[in-house]
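Listed here are the chains, written in short residue letters.
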Amino acid sequence: MKIIVCIKQVPDTTEVKINPTTGTLIREGVPSIINPDDKSGLEAALVLKEQQGAHVTVLSMGPPQADLALREALAMGADQAILLSDRAFGGADTWATSSTLAAAIRKLEWDLIICGRQAIDGDTAQVGPQIAEHLQVPHVSYVTELQVGEKAIEVKRKFEDGWQRLRVQFPCLITTLKDMNQARYMSMAGIYEAYKREVKVWGLADIDVDQANIGLKGSPTRVKASYTKGTRSAGKVYEVDPRDGARIIVESLKEKFII
Amino acid sequence: MDFQLSREHQLLATTLKDFAENEVRPLARETDEKEAFPVSTVEKMARFGMMGIPFPKDFGGAGGDNLGYIMAVEALSKVCGTTGVILSAHTSLCAAPIYEFGTDEQKRRLLPDLASGKKIGAFGLTEPNAGTDAAGQQTAAVLSGDKYILTGSKIFITNAGYADVYIVFAMTDRSKGTRGISAFIVEKGMPGFSIGKKEEKMGIRGSSTCELIFENVEVPVSNLLGREGGGFGLAMKTLDGGRIGIGAQALGLAQGAIDETVKYVKERKQFGKTIGSFQNTQFQLADMQARTDAARLLVYRAACLKDAKQPYSTEAAMAKLFASETAMAVTTMAVQLHGGYGYTREYPVERMMRDAKITEIYEGTSEVQKMVISAAVLK
Amino acid sequence: MNISEYRGVMVFAEQRRGEIQKVAFELLGAGRGIADTLQEPLIAVLAGTYLTDAQAASLIAHGADRVILVDDPRLGVYMTEPFTKALTAVITAEKPGIVFFGATTIGRDLAPRVSARLKTGLTADCTALAIDDASRNLLMTRPAFGGNIMATIICPEHRPQMSTVRPGVMRRLEADTARTGETVRFACRIEAADVNVEILEEVVQKEEKKNIEDASVLVAGGRGLGNPENFQSLQNLAEMLGGQVAASRAVVDAGWTSQDKQVGQTGKTVRPDLYLACGISGMIQHVAGMEESGFIVAVNKNKDAPIFAYADIGIVTDVNRLLPALQEELNRARSV
């Protein structure tokens, strides 16, 4: 059985701070990590490797620095690593990203694709299902458990109000949640080998894709503006009776769309 | 001269940090308070190959190096001094001498289980009357056919009770003094071998420090490590390596205390300002970090020399001397900067201070290190 | 693509087990405003089985001008492919300029698939929607980078402009049964082959308890609550807000709750969207664990409590009297 795990290198957003005077994002010193949902997907694949000899390929699209995420995946136990990296792929939204990844996947042999549900820098949860659509295979998202049979996979699919157990025939794609397992650490031996092994780098010339479907040009959406939520101004303090206090709180929660 | 870590070592540093933060830090306080050997942590360390970092893959190791190994001791010690010393004693004092001085048969028989962490190692040299003066060994081994009969006891043995393999030193010929000392591999379960009193300690309280008792223990000749009479030299060489490990433990404790202090002084306010904005705090931290970085360079240099198969005995002694005294000074300053809170168990710096003290004592006191260093200086 | 051919604002009316979900009405509320700005119709699409006119009527009462019912036995339970096929067919036929889905575990599964099939853009988890005056493009604003920044996304050259919208953010309109609208049934054949996933088991249950680090709302209690019973009462409030209860160290040490609820330097570091500190003085050790929270509300009797320096809203009052009042106010806000 052959598995492709799509991973994204992301800034650890929990380490991101806002500069209190300028209100801008401080990106310096923020470590780059494998996106947590993706890492759990990789862990699930590596368990299948141990249990039934699955062959695990990790695939990432990103700048050359994303090499590090792939080395980490190799050190965790992946068999093969491919980095899709080309200036032409830059500026892609989820549509263009998924069409690029799908083009790379078409060059590979596989039964199952595992993507993390969503990346912590974008939180879209769109790339996985969109890859499946480009490849015209079924997908199941929000997977928290899986078992692999000979021709199909059985998964537990989470909803806000319950779950389903589903069976899908190969080839198919699933998106996984980080709660599904605890990803292993890189093994010491794996680390010492990580840079002796190959990370294939594929550019535009290596995949068969229409240039109209990739990068900024191939992206239907555009970022028109982005801004930080602003610095935390000193809050307001009210000395009031409990009833008025409750009203003030509810009003503020409404304003902030919390309720 | 290149002070950059290689890419592999950078990768190693990330995973070691994650491991220490997620798996070791949460247990550190309990390990200390309950004097509980962190069995489950050691199992996890084994799973990721941490118990055999510098040994070749053929022997079940990670195929790594000593620099990587001491980085692991440092990373663990940053959050828990106990866990750091368990790894150091296991690797430097047991697996390493078997790898360096063992026969091929001994290596094949013993190293894979040690390097994979299936078995834990320990080292028994110190006796009630033979501490710094190792030549005063009372434990004796008498050859009888294809066995040595061991009698005597050892004290202050790290990992005792939890270890499966012990490197034990005994007199095979008292008339020859230090040249009459031999090293033996004693295994858990050998009849007559038992664990005696467990010490109650000031620091590294989760590490098991006990007495070893040998009552006519029959040790097969195949478990003689090195040649008969070669034990003293073997012990000294082993301790050279061990000192790098303890230097790394001290280094971790110092850096851990700095990290805790930095967090604290940015948050703690007095006189309307964070205490980190006071120059006294800033200058203290500058001292702490500069000394710790200097210690790191010494410790890393010693490890790199060992990896390069160059002499490192003096450098290891300097690394251990400087790092352990730095750890003691830095953890003490950290407690001071924490004020009253620093003296309570709610904050980890008091534990780090207690843990740091032992690094100036075991595997050769600071005074012993000075003897080693001055001998080289005056040569 | 001739963009001008695309008119109307479409809302995917999510139903589960025949029940139209709250988020559908919220989308209608938001969609109504957008449709009015554009002077275009608001269309609701309800896909399922045994769909009723009453369901269509409730969508109209909440703002829809037109309801499209896609009724098929294979649309009874949500499955990706049958729903993708149905929605794609409706959108292709109707050519709306805008389509909204709820950013639920269904909407976020379906919308990407539909957008990929239609080759159009999709913006995830929007919290604000508006129309650009000049271009008449939809402005879709969403948090990104772990909530650290907000980004406004446009989809200028593709139609429809699609987005998933965060549940609970948009205002639903009050039901107006006098509203009129058109209901049509849309025929779309879902084939057996479209059912490419087999449902083996389905369980409806509320989510199990999460860690406080994962909660988007935390109601945290401190010693100011006075006794363990008052602390227990936070649970109900937390549930109303879809969050969890957290605690200061003092409360954990007093044994009112377990250590895993403790926020602070020696406890956990949290950054929920809302942190409601009840009777917590705000010792630095506590603040270190929660100061990155999105919105901090503090209630404390002592106006000099340090927590007020970190709070966005501070209420100086008796927390034990405020809590019941707050629950009443919340109920009132909900029922509107």
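Conventions adopted
Counting restarts for each chain, with residues numbered from 1 along the sequence as it is written. Naming scheme: in the order in which they are written, chains are lettered from A and ligands are numbered from 1. Local features are withheld for residues below a pLDDT of 70 in this predicted model, meaning they are given only at 70 or higher, and side-chain atom pairs are given and counted only at 80 or more; totals for whole chains, interfaces and linings count all residues. In this text, helices come from DSSP runs of H or I with a minimum length of four residues, and strands from runs of E with a minimum of two, each type numbered from the N-terminal end. A pair of residues counts as a contact when their C-beta atoms, built from backbone coordinates, are separated by no more than 7 Å. Buried residues are those with 20 or more other C-beta atoms within 10 Å of their own C-beta, exposed residues have 12 or fewer, and partly exposed residues lie in between; C-beta atoms are placed from the backbone. Just so you know, the domain bounds were taken from an automatic or database domain assignment. At least two DSSP bridges between two strands are required for those strands to pair. Axes here refer to lines fitted to C-alpha atoms; in helices the fit is confined to the stretch in contact. Angles between the N-to-C directions go from 0 to 180 degrees. Classes in brief: Ala, Val, Leu, Ile, Met, Phe, Trp, Tyr, Cys and Pro nonpolar; Asp, Glu, Lys and Arg charged; the others, Gly included, polar. One number per residue, pLDDT, summarises how confident the predictor is, and it ranges from 0 to 100. A set of buried residues qualifies as a nonpolar core if it consists of Ala, Val, Leu, Ile, Met, Phe, Trp, Tyr and Cys joined through C-beta atoms within 7 Å. Here is the rule for angles: anything less than 35 degrees is roughly parallel, anything more than 145 is roughly antiparallel, 65 through 115 is roughly perpendicular, and the remaining ranges are oblique. Note on convention: near helix rotated counterclockwise from far helix by under a right angle means a left-handed crossing. Clockwise means right-handed.

**A few points about the overall build of chain C**
Turning to step 1, where the next piece is worked out: Helix and strand content of chain C: nine helices and 18 strands.
Turning to step 2, where the next piece is worked out: C-alpha extents for chain C along the principal axes are approximately 65 × 50 × 40 Å.
Turning to step 3, where the next piece is worked out: Across chain C, every contact between residues at least 6 apart in sequence was considered, and the portion connecting residues at least 24 apart equals 63%.

**Topic: the overall build of chain A**
Turning to step 1, where the next piece is worked out: Of regular secondary structure, chain A possesses six helices and 15 strands.
Turning to step 2, where the next piece is worked out: The principal-axis extent of the C-alpha atoms belonging to chain A is close to 65 × 40 × 40 Å.
Turning to step 3, where the next piece is worked out: Considering chain A as a whole, with its 259 residues, one finds that 51% of them fall into the buried category.
Turning to step 4, where the next piece is worked out: Contacts spanning at least 24 positions in sequence make up 70% of the contacts within chain A whose residues lie at least 6 apart.

**Points about the domain arrangement of chain C**
Turning to step 1, where the next piece is worked out: Splitting chain C by domain gives domain 1 (3-194) and domain 2 (212-335).
Turning to step 2, where the next piece is worked out: One C-alpha centre belongs to domain 1 of chain C, the other to domain 2 of chain C, and the line joining them spans 37 Å.

**Quick word on the sheet that holds strand β18 (residues 313-316) of chain C**
Turning to step 1, where the next piece is worked out: Ordered by their spatial adjacency, six strands build an open sheet running β15(A)-β18(C)-β17(C)-β16(C)-β14(C)-β15(C), and the pairing between neighbours is parallel. Both edges of this open sheet fall to β15 (236-239) of chain A together with β15 (244-247) of chain C, since each of them pairs with a single strand only. Each adjacent strand pair in this sheet contributes to an overall mean axis angle of 20°, direction not counted.
Turning to step 2, where the next piece is worked out: With five bridges joining them, strand β16 (residues 274-278) of chain C and strand β17 (residues 295-300) of chain C adopt parallel strand pairing. Each residue of the ladder has a partner; that of Leu276(C), found in β17(C), is Val297(C).

**Considerations on the environment of Lys178(A)**
All names here are of chain A.
Turning to step 1, where the next piece is worked out: Among the structural elements, Lys178 can be located in the loop between β12 (172-176) and α5 (188-194).
Turning to step 2, where the next piece is worked out: Note on Lys178: 21 C-beta atoms within 10 Å, which makes it buried.
Turning to step 3, where the next piece is worked out: Distance from Lys178 to Leu42, taken between C-alpha atoms, is 10 Å for residues 136 residues apart in sequence.
Turning to step 4, where the next piece is worked out: Setting aside chain neighbours within four positions, we find Lys178 in contact with Pro36, Asp37 and Ser40.

**Section: the interface of chain A and chain C**
Reports often express the size of an interface as the amount of accessible area lost when the parts come together.
Turning to step 1, where the next piece is worked out: Opposite the 70 residues of chain A that make contact, chain C presents 68 residues.
Turning to step 2, where the next piece is worked out: Ranked by residue count, the leading element in the side of chain A that touches chain C is helix α6 (residues 242-255) of chain A, at 11 residues.
Turning to step 3, where the next piece is worked out: Residues of the side of chain A that touches chain C, tallied by class, amount to 30 nonpolar, 19 polar and 21 charged.
Turning to step 4, where the next piece is worked out: Of the strand pairs in this sheet, strand β11 (residues 162-169) of chain A and strand β13 (residues 197-204) of chain C are connected by seven bridges, and their pairing is antiparallel. Residue pairing across strands places Arg165(A) opposite Glu201(C), the latter belonging to β13(C).

**Some details on the confidence of the model for chain C**
Turning to step 1, where the next piece is worked out: Overall, the prediction assigns chain C a mean pLDDT of 92, with 98% of residues at 70 or greater.
Turning to step 2, where the next piece is worked out: Reported for the predicted complex are a pTM of 0.87 and an ipTM of 0.92.

**Structural notes on the nonpolar core**
In a soluble, globular protein the nonpolar side chains are often hidden away together inside.
Turning to step 1, where the next piece is worked out: Judged by nonpolar contacts, the single largest core of 255 residues is most densely connected at Ala73(A), Phe184(B), Val299(B) and Val45(C).
Turning to step 2, where the next piece is worked out: Among the elements that take part in this core, helix α6 (residues 231-267) of chain B stands out by supplying 15 residues, more than any other.
Turning to step 3, where the next piece is worked out: Beyond its immediate chain neighbours, meaning those up to four positions away, Val299(B) contacts Ile70(B), Ile244(B), Gly247(B), Ala248(B), Leu251(B), Ala319(B) and Ala323(B).
Turning to step 4, where the next piece is worked out: Residues Val219(C), Ile296(C), Val319(C) and Leu326(C) belong to the second largest nonpolar core, which totals 51 residues.

**Looking at the sheet that holds strand β10 (residues 149-154) of chain C**
Turning to step 1, where the next piece is worked out: Spatial ordering of the open sheet is given by β14(A)-β10(C)-β9(C)-β8(C), a layout of four strands whose pairing is antiparallel. Across the chains shown, the open sheet's two edge strands, defined by having one partner strand only, are β14 (222-228) of chain A together with β8 (128-131) of chain C. Along the sheet, successive strands turn relative to each other by an average axial angle of 25°, direction set aside.
Turning to step 2, where the next piece is worked out: Judged from the six bridges that link them, β14(A) and β10(C) form a sheet pairing that is antiparallel. Each bridged residue has a counterpart across the sheet, and for Tyr227(A) the counterpart in β10(C) is Met150(C).

**A word on the packing of α6(B) against helix α9 (residues 349-359) of chain B**
All names here are of chain B.
Turning to step 1, where the next piece is worked out: The interhelical angle for the contact between α6 and α9, taken along N-to-C directions, is 160°, at an axis separation of 10 Å. In terms of axis orientation, α6 runs roughly antiparallel to α9. Between α6 and α9 lies a crossing whose hand is left-handed. Here α6 contributes Ile246, Gln249, Ala250, Leu253, Gly256, Ala257, Glu260 and Thr261 to the contact with α9, which in turn contributes Val349, Met352, Asp355, Ala356 and Thr359.
Turning to step 2, where the next piece is worked out: Class assignment of the residues belonging to the contact of α6 with α9 gives a composition of seven nonpolar, four polar and two charged.

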